[in-house]
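Structural overview for review
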Amino acid sequence: MPGTTLPQLTPSALRPLPLATLRPRGWLLERLRLQADGMAGHLDEFWPDIARSGWIGGDAEGWERGPYWLDGITGIAYLLDDERLKAKVRRWVDHILDHQHPDGWFGPRSGEATYADHDVWPRIIVLKALLQHFEVTGDERVIPASLRFLWLLNGLLDEWPLQEWARSRWTDIVWVINQLHDLTGEKWLLPLAAKCKAQGFDWFGYAADLPFRGKVDEATLLAMRDQHDGNWMNDVYLSSHGVNVAMGLKAMPVWWRHDAHDQQSALLQLIDALDQHHGQPSGLFSCDEHLAGLHPSQGTETCTVVEHIASLGVALESWGCVEPVADRLERLAFNALPASTSPDEWAHQYVQQANQVICHVTEDRVYTNNGPDANVFGLEPHFGCCTANRHQGWPRFTTHLWMDSGDGALTALSYAPCSFSYDGLSVDVSTAYPFEDDVTITVRGSGVVPLNLRIPAWSAGATVDGETVAAGTVHQVRRDWSGGPHVVRLRLPAPIKSVSRPANAITLERGPLVFSLAVPEQWTKIGGEEPHATYEVHPTGPWNYAIAPDDIRLDRQTVTEHPFTKAPLRLQVKGRLVPDWALEHGAAAAPPPSPVTTTGAFEDLTFVPYGCTSLRVTEVPWTR
Ligand SMILES: [Zn+2]
């Protein structure tokens, strides 16, 4: 973004290129097009909570769903330069700005003295959408309207302090305030940010000592609620809620800009603790929808997937290429994100599981407090938040591929296919990464603009133009780009790794891709209307195998424009049936401890990238 940064706010290490500067290509373009042609691009035409949203004068929900949808679709519309979607964004932005209340408040309100009528949370999502719209269009209404709202908020918080979701999600309020401060330099924004932090939940103390170290079941939640003040939205409830935790990860990088002591290690400590107590092989933590422990059949809510991606993106903005953060962001984007939806992007799950061997409506279930239909694919299984929110994931990933380092250099954090012109340079990234190891970067321009290339920690033997570079570093290519085109060839080979999981089970990985046993599946329609009907997915063959981890062969196939539909990489593995490993509470029981003793004949099994599967076994026992 253009603008000046005052010394009171530490500058971000990296800034995303202005929205729509970078254009997705190849498989990434097709993925965003699927979203545009699928549910995200049509939700406002038929789903009452968007079509008749209170935010555009309708009689339906006027809280977070309309803003969620607007935030995600704004990114997609401008990244694709799609006239149909841009018209939808304009209609919503115009309505919201034209109906801003004289005191600065946005959106519907009843005029009653209730917290609901003073709830800042959905309005912050609207500001996130408006700022994206401003980046592309320069719409002169956005900044004054945003500042009017925040000025009102500054006084309002003294009378109506942050509560409920807003108390937990103050991190997004400060993120928005930081952006507006970068744009305007308004000094009063900084004490407003401090007020939000002071009224918000203490994610710093939480990171120092994670209070939830096992599955938070419903009985525990109820008991904790009764021990407290009887308010369902107490801190125990809010801070064990997965989406809030994912958004809470943003606390350290957004507050670091106000107080630049070592917040980075606090974030890494929280990520480690979540891995240790709730970690899943895809890089997620379990939450269905409260933190749910290490069992690979516990679910993770789709809102958590996309908010986790968003928070890690903010951490990269503040601190630059911190390898564990960049790696985690890729793992979520290349595994958990595509797995959360049907191949045509019309249906999604409320929760996904690492060992997801059946997706069905079941009263006997494993979740902390999600409903019987939480893992079926549909328009709004369990609850409609993910329906409205999930499509922000791909645009947030896309806007964090390449960033401006502020010192004249450009930094690549991930290598999906894309192209952009920025700062006198034209860059084209041609690759099918992460499904192939080669990345070709073609540069046209004049003069020296350094390119900082992230070399992932898993890529031992990586080369840039044939010369070996160290894994887990940022390699700078410094060249005069005059008289081009010039080509930079990056090679990121990845070994197949067997990673140990709890109970001594293993997960197979290659680079940022996690692999799962592809379970043969049948989709059965159980309700709703096409194209957004609801489906159960049942296995049509066994899934309960133990594998021989020393006998794995990689098969490469042509990478199509839809690599998450037709798996381009496959691992051929030998495995034996484990007859005693069966369903328990409607999901795969915990993997039996390895090594498993089983006598069946070895069979040929195929593992494919997690994001290519609907039914899968990712955390798998092994046998000799
Ligand atoms: Zn959700």
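Report on the accompanying structure. Since we're looking at a predicted model, the values are computed, not measured. (Residues numbered from 1 in each chain as written. Predicted model: local features only at pLDDT ≥ 70, side-chain atom pairs only at ≥ 80, totals over all residues. Heavy atoms only, no water.)

1. So, the overall build of the protein
Here is the rule: Helix and strand definitions follow DSSP, with helices as H or I runs of at least four residues and strands as E runs of at least two, each counted in order from the N terminus. Between two residues, a contact is recorded if the distance between any of their heavy atoms is within 4.5 Å. Note on areas: Shrake-Rupley, 1.4 Å probe, and residue coverage restricted to the protein chains presented here. For the charge count, each Lys or Arg is scored as positive and each Asp or Glu as negative, with His and the chain ends excluded. Throughout, a charge is located at the NZ atom of Lys, the CZ atom of Arg, the CG atom of Asp or the CD atom of Glu.
Counting its secondary structure elements, the protein contains 20 helices and 26 strands. Counting only contacts in the protein whose residues sit at least 6 apart along the sequence, the fraction spanning at least 24 positions is 71%. Surface summary for the protein: the accessible area is close to 21,300 Å², and the carbon and sulfur share equals 50%. Separation between the mean location of the 50 positive side-chain charges and that of the 76 negative ones in the protein comes to 4 Å.

2. Some points on the coordination of the zinc ion
Keep this limit in mind: With water omitted from the atoms examined, metal sites may look incomplete; donors here are N, O and S atoms no farther than 2.8 Å from the metal, or 3.2 Å in the case of Na, K and Ca. Burial classes follow relative accessibility: with a 1.4 Å probe on protein chains only, a residue under 20% of its type's maximum area counts as buried, one over 50% as exposed, and anything between as partly exposed.
Donor atoms from the polypeptide that coordinate the zinc ion comprise Glu301 (OE), Cys303 (SG), Cys385 (SG) and Cys386 (SG), at 2.1 to 2.3 Å from the metal. Sequence positions of the residues that donate to the zinc ion give the spacing E-x1-C-x81-C-C. Residue Glu301 is located in strand E3 (residues 299–301), and its partner Cys385 is located in helix H19 (residues 385–389); the two are separated by 84 residues in the primary sequence. An identical accessibility class is assigned to Glu301 and Cys385; each is buried.

3. Remarks on the sheet that holds strand E15 (residues 486–491)
To keep it simple, the criterion reads: When DSSP locates at least two bridges between a pair of strands, those strands are taken to pair.
In space, the seven strands of this open sheet follow the order E2-E8-E9-E10-E15-E12-E13, with antiparallel pairing throughout. Two strands close off the open sheet at either side, each with one partner strand: strand E2 (22–24) and strand E13 (467–468). In this structure, strand E10 (residues 438–445) lies alongside E15, joined through six bridges in antiparallel fashion. The residue of E15 that forms the bridge with Val439 is Leu490.

4. As for the packing of helix H1 (residues 26–37) against helix H4 (residues 65–80)
Short version of the rule: A fitted line through C-alpha atoms represents every axis, and for helices the fit uses only the stretch in contact; the resulting angles, taken between N-to-C directions, go from 0 to 180 degrees. Working definition: roughly parallel below 35 degrees, roughly antiparallel above 145 degrees, roughly perpendicular at 65 to 115 degrees, and oblique for all remaining angles. Helix crossings get a hand from a simple test, with the near helix turned counterclockwise from the far one by less than a right angle marking a left-handed crossing and a clockwise turn marking a right-handed one. When residue character is reported, Ala, Val, Leu, Ile, Met, Phe, Trp, Tyr, Cys and Pro are called nonpolar, Asp, Glu, Lys and Arg charged, and the others, Gly included, polar.
Look at H1 against H4: their axes get within 10 Å of each other, and the N-to-C directions meet at 125°. With respect to H4, the element H1 is oriented oblique. Crossing of H1 against H4: the hand is left-handed. Note on element contacts: H4 touches H1 through Ile76, Leu79 and Leu80, opposite Leu29, Leu32, Arg33, Gln35 and Ala36. For the contact of H1 with H4, a count of residues per class yields six nonpolar, one polar and one charged.

5. Some points on the sheet that holds strand E14 (residues 473–477)
Within a sheet, neighbouring strands are paired by backbone hydrogen bonds and run either parallel or antiparallel to one another. Here we have five strands laid out as an open sheet, ordered E1-E6-E7-E11-E14, and mixed in their pairing. Both edges of this open sheet fall to strand E1 (15–16) and E14, since each of them pairs with a single strand only. Note: E1 against strand E6 (residues 402–404), two bridges, orientation antiparallel. From the neighbouring strand, Arg15 faces E6, where its bridge partner is Asp404.

6. Some thoughts on the packing of helix H7 (residues 142–159) against helix H10 (residues 189–199)
Interaxial distance between H7 and H10 falls to 10 Å at its minimum, and their mutual angle equals 45°. Taken together, the axes of H7 and H10 lie oblique to each other. Remark: the crossing between H7 and H10 carries left-handed chirality. Each of Leu147, Leu150, Asn154, Leu157 and Asp158 in H7 lies in contact with H10, whose residues at this interface are Leu189, Leu192, Lys195, Cys196 and Gln199. Here the contact of H7 with H10 is composed, by residue class, of six nonpolar, two polar and two charged.

7. Quick look at the pattern of salt bridges
Short version of the rule: Salt bridges are defined as contacts in which a side-chain nitrogen from Lys or Arg sits within 4 Å of a carboxyl oxygen from Asp or Glu.
All chains considered together, the criterion is met by 37 salt bridges. Between Asp182 and Arg257 there is a salt bridge, with the nearest N and O atoms lying 2.9 Å from each other. Taken as a pair, Asp182 in helix H9 (residues 170–184) and Arg257 in the loop between helix H15 (251–256) and helix H16 (264–278) lie far apart in primary sequence, 75 residues in all. The partner of Asp438 in a salt bridge is Arg491, with the nearest N and O atoms 2.7 Å apart. Taken together, the residues span a long stretch of sequence, with Asp438 in strand E10 and Arg491 in strand E15 at a distance of 53 residues.

8. A look at the nonpolar core
We count it as follows: In this text, buried Ala, Val, Leu, Ile, Met, Phe, Trp, Tyr and Cys residues form a nonpolar core when linked through side-chain atoms within 4.5 Å.
Ranked by size, the top nonpolar core spans 199 residues in total, and within it Leu150, Trp402, Leu453 and Phe607 carry the most contacts. The dominant element in this core, judged by the number of residues it contributes, is H7, at ten residues.

9. Side note on H1
As a reminder, the rule being used: To estimate the expected span of a helix, subtract one from its residue number and multiply by 1.5 Å.
Between its terminal C-alpha atoms H1 stretches 16 Å, which fits the 16 Å expected from twelve residues at 1.5 Å a residue. Residues of H1 that are buried: Trp27, Leu28, Glu30, Arg31, Leu32, Leu34, Gln35 and Ala36. The inward-facing, buried residues of H1 contact E2, helix H2 (39–46), H4, helix H5 (83–98), helix H18 (323–339) and helix H20 (393–398).

10. Some points on the side chain of Thr171
To be explicit about the condition: Polar contacts, as used here, are pairs of N or O atoms within 3.5 Å; protein pairs need one atom able to donate a hydrogen and one able to accept it. Residues neighboring in sequence count only if both atoms are side-chain atoms.
Tracing the backbone through its elements, the reader meets Thr171 in helix H9. Judged by relative accessible area, Thr171 falls into the buried class, the value being 0%. A distance of 3.0 Å separates the side chain of Thr171 from the backbone oxygen of Met247, its partner in a polar contact. Excluding anything up to four places from it in sequence, Thr171 contacts Trp203, Met247, Gly248, Lys250, Ala251 and Val254.

11. Comments concerning H2
Working note: α-helix, 3.6 residues per turn, so residues spaced by three or four point in the same direction. With six of eight residues buried, H2 is to be regarded as a mostly interior element. Buried within H2 are the following residues: Met39, Ala40, Gly41, His42, Leu43 and Asp44.

12. Digging into the packing of aromatic side chains
Which entries qualify depends on this criterion: Two aromatic rings from Phe, Tyr or Trp, using only the six-membered ring of Trp, form a pair when their centres are within 6.5 Å; if the ring planes differ by under 30 degrees the pair is stacked, by over 60 it is edge-to-face, and anything between is tilted. Put simply, a charge is over a ring when the Lys NZ or the Arg CZ is close to the ring centre, within 6 Å, and near the line of the ring normal, within 35 degrees.
Under the definition given, this model contains 27 aromatic pairs. Between the aromatic rings of Phe201 and Trp203, the centroid separation amounts to 4.7 Å while the plane-to-plane angle is 75°, which identifies the pairing as edge-to-face. Like Phe201, the residue Trp203 is buried in the burial classification. Measuring from centroid to centroid gives 6.0 Å for Phe334 and Tyr433, while their planes differ by 75°, and the two rings are edge-to-face. Here Tyr433 lies in the loop between strand E9 (425–431) and E10 and Phe334 lies in helix H18, a separation of 99 residues in the sequence. Note on accessibility: Phe334 and Tyr433 belong to one class, buried. One aromatic cluster in this structure is built from Trp27, Phe334, Trp394, Phe397, Tyr415, Tyr433, Phe435 and Phe564. Over the ring of Trp121 we find Arg169, and its NZ or CZ is 4.8 Å from the ring centre.

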